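# Overview (structure and organization)
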Amino acid sequence: MDAVEKTLNTMPEAAQRGFADALINWQKKHGRHHLPWQTQDPYCVWLSEIMLQQTQVVTVLDYYPRFIAAFPDVHTLAAAEQDQVLGLWAGLGYYSRARNLHKAAKQVVAEFDGIFPDTRRQLEQLCGVGRSTAAAISAFAFQRRETILDGNVKRVLCRVFARGGNPADKKFESSLWTLAESLLPPDPADMPAYTQGLMDLGATVCKRSKPLCEECPMEVFCQAKAQNRVHELPLKKAAVKVKTQPLYWLVLHDADNRILLQKRPQSGIWAGLYCVPCFDSLQALYDFAAELGLPPESLSEQAAFTHRLTHRLLEIMPFEAQCLSEKVSDRHWVGMQNLQQYGLPKPLHSYLNRTQKTLF
C-alpha cells in the first residue's frame, strides 16, 4: 500500500466513533419503518432476508405476503411439497434460494426442534444462509452485535472511509468485515435500528448512481465526498464474461389447448421447476417430436428471444405444435387456468402471457 492509499484509508477516530450514532438517529427519523418483515420473529426475518438477496424491496413486497399466507411458520414450510414452494417463488428468480429455503426449514424443524438458533454461527449452518444473512437475522431477531456486509453496505463503507481496494480481493473484503465490526454500536438494543439503517442508507441515499449526498447523515465526515471520489468508489468489479447458450423449446398444445409441461431436473438451470420440453439442439427437439409422431414441417417456429442469467445469456427458440398423439396421453398436460399453480421459469411465464394471452 503506497502513501496515497494509506492516507485515503485513514479515518479520524471521532468520525469512526460517531458513525453508529449518526446512522441510528438518521434511521429513526428518515429510515424505512413500513416493511412487513420488520419484526423480531426470526422466521419472518429469515424469509425476508433470503427473498431480498439480489432482489429489490419493491419486488419482495409483492411476494412476501403471499408466501407468509401460505406458510405462516417454519413448520408449515418444512411440511410443504417442493412444487408448492417453487410455485409461490415463480418469477422471483435465483431459484436455488427457494430450494435452500425449503431445506433450511426442514433443518430448523429436525435439528433445532422448530426453534430458530439465535447466534450467527448456528444460523450459518442453515442451507442458503451465509455470514451476512445470518448476521442480519441475529441482529434483527435477537439483538446480537453482528455486522452485515452486503453490496449496499460495502458501498457505504468504501465511500465513507475512502476504501479503494479491489472488490474481488479476499484480503480487501476481509478488511471491510473488520471495519464493519469496529463500527457496531455498544448497546445490543440498538442493533435493529443500526442494521436497518445500513440497509436503508445504501438503498435510498448512498446509491450506486446519483447518490443523495446532501441528504446523507455521513456527509460531514465522508472521505469520498471530501476527496471528490464518490462516483469512483467503490471500485468496479471486472466485467463477467457472459456465455451465450442456445435453448430450444417445444410448446405443445392438445385438443383442449392444454400445454405439456415437464419437471426440470434438480440440478442445472430452473432446477425443480416445470417447463415445456427443452433441448440443447434443434436436432434433439426434432427427435423428441418424431417420437410423438410430429414431423418437422408440423412445428411452427416462433420469434426467438433472449433471457439473461447471471453468467449466461439464453437464446431461446420456441417451436409450437398441436399434439393429438396418444403417445403423450399420460404426460403432464396443464390447462391455462391452472398454470399459476406451477413453478414456471420467468421467461416461460412471460412467453405464455405474450403469445397465449393467459395473463396468469
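Every value quoted in this text rests on a predicted model; they were computed, and no experiment measured them. (Residues numbered from 1 in each chain as written. Predicted model: local features only at pLDDT ≥ 70, side-chain atom pairs only at ≥ 80, totals over all residues. Heavy atoms only, no water.)

## Describing the UniProt feature "domain: HhH-GPD" (unreviewed entry) in the chain
The following threshold applies: UniProt positions are given in the numbering used here, feature names are shortened, and annotations may be inferred rather than shown by experiment. The helix and strand labels rest on DSSP assignments: H or I over at least four residues marks a helix, E over at least two residues marks a strand, and numbering proceeds from the N terminus.
Sequence positions flagged by UniProt for "domain: HhH-GPD" (unreviewed entry) are, in local numbering, residues 51-204. In residues 51-204, the share of helix is 64% and the share of strand is 0%. The end C-alpha atoms are 19 Å apart.

## Let's talk about the nonpolar core
What counts, and what does not: Within this scheme, the nonpolar core is defined by two criteria: the residues are buried Ala, Val, Leu, Ile, Met, Phe, Trp, Tyr or Cys, and they are joined through side-chain atoms within 4.5 Å. Partly exposed describes any residue whose relative accessible area lies between the buried limit of under 20% and the exposed limit of over 50%, with all areas from a 1.4 Å probe on protein chains only and scaled to the type maximum. In this document the domain limits rely on a domain assignment from an automatic tool or a database. Contact definition: two residues touch when any of their heavy atoms are within 4.5 Å.
With 96 residues, the main nonpolar core has Phe 19, Trp 46, Leu 157, Tyr 194, Trp 249, Leu 261 and Trp 270 as its most contacted residues. Both domain 1 (13-227) and domain 2 (243-353) contribute no fewer than three residues apiece to this core. Setting aside its immediate chain neighbours within four residues, Phe 19 contacts Val 156, Leu 157, Val 160, Phe 161, Leu 183, Tyr 194, Leu 198, Met 218 and Phe 221. Counting residues in hydrophobic clusters, the runner-up holds 16 residues, among them Leu 252, Leu 260, Leu 292 and Met 317.

## Some details on the packing of aromatic side chains
Using the following cut-off: Pairs were defined over the aromatic rings of Phe, Tyr and Trp, the Trp ring being its six-membered one, requiring ring centres within 6.5 Å. Orientation was assigned from the angle between planes: stacked under 30 degrees, edge-to-face over 60, tilted for the rest.
All told, the structure shown has 13 aromatic pairs when counted by the stated rule. Centroid distance Trp 46 to Phe 116: 5.3 Å. Interplanar angle 50°. Geometry classified as tilted. One end of the pair, Trp 46, is in helix α3 (residues 42-51); the other, Phe 116, is in the loop between α7 (96-111) and α8 (120-123), with 70 residues separating them in the sequence. The two residues Trp 46 and Phe 116 agree in class, both being buried. Note on Phe 305 and Tyr 351: the rings are 6.0 Å apart at their centroids and 15° apart in plane angle, and the pair reads as stacked.

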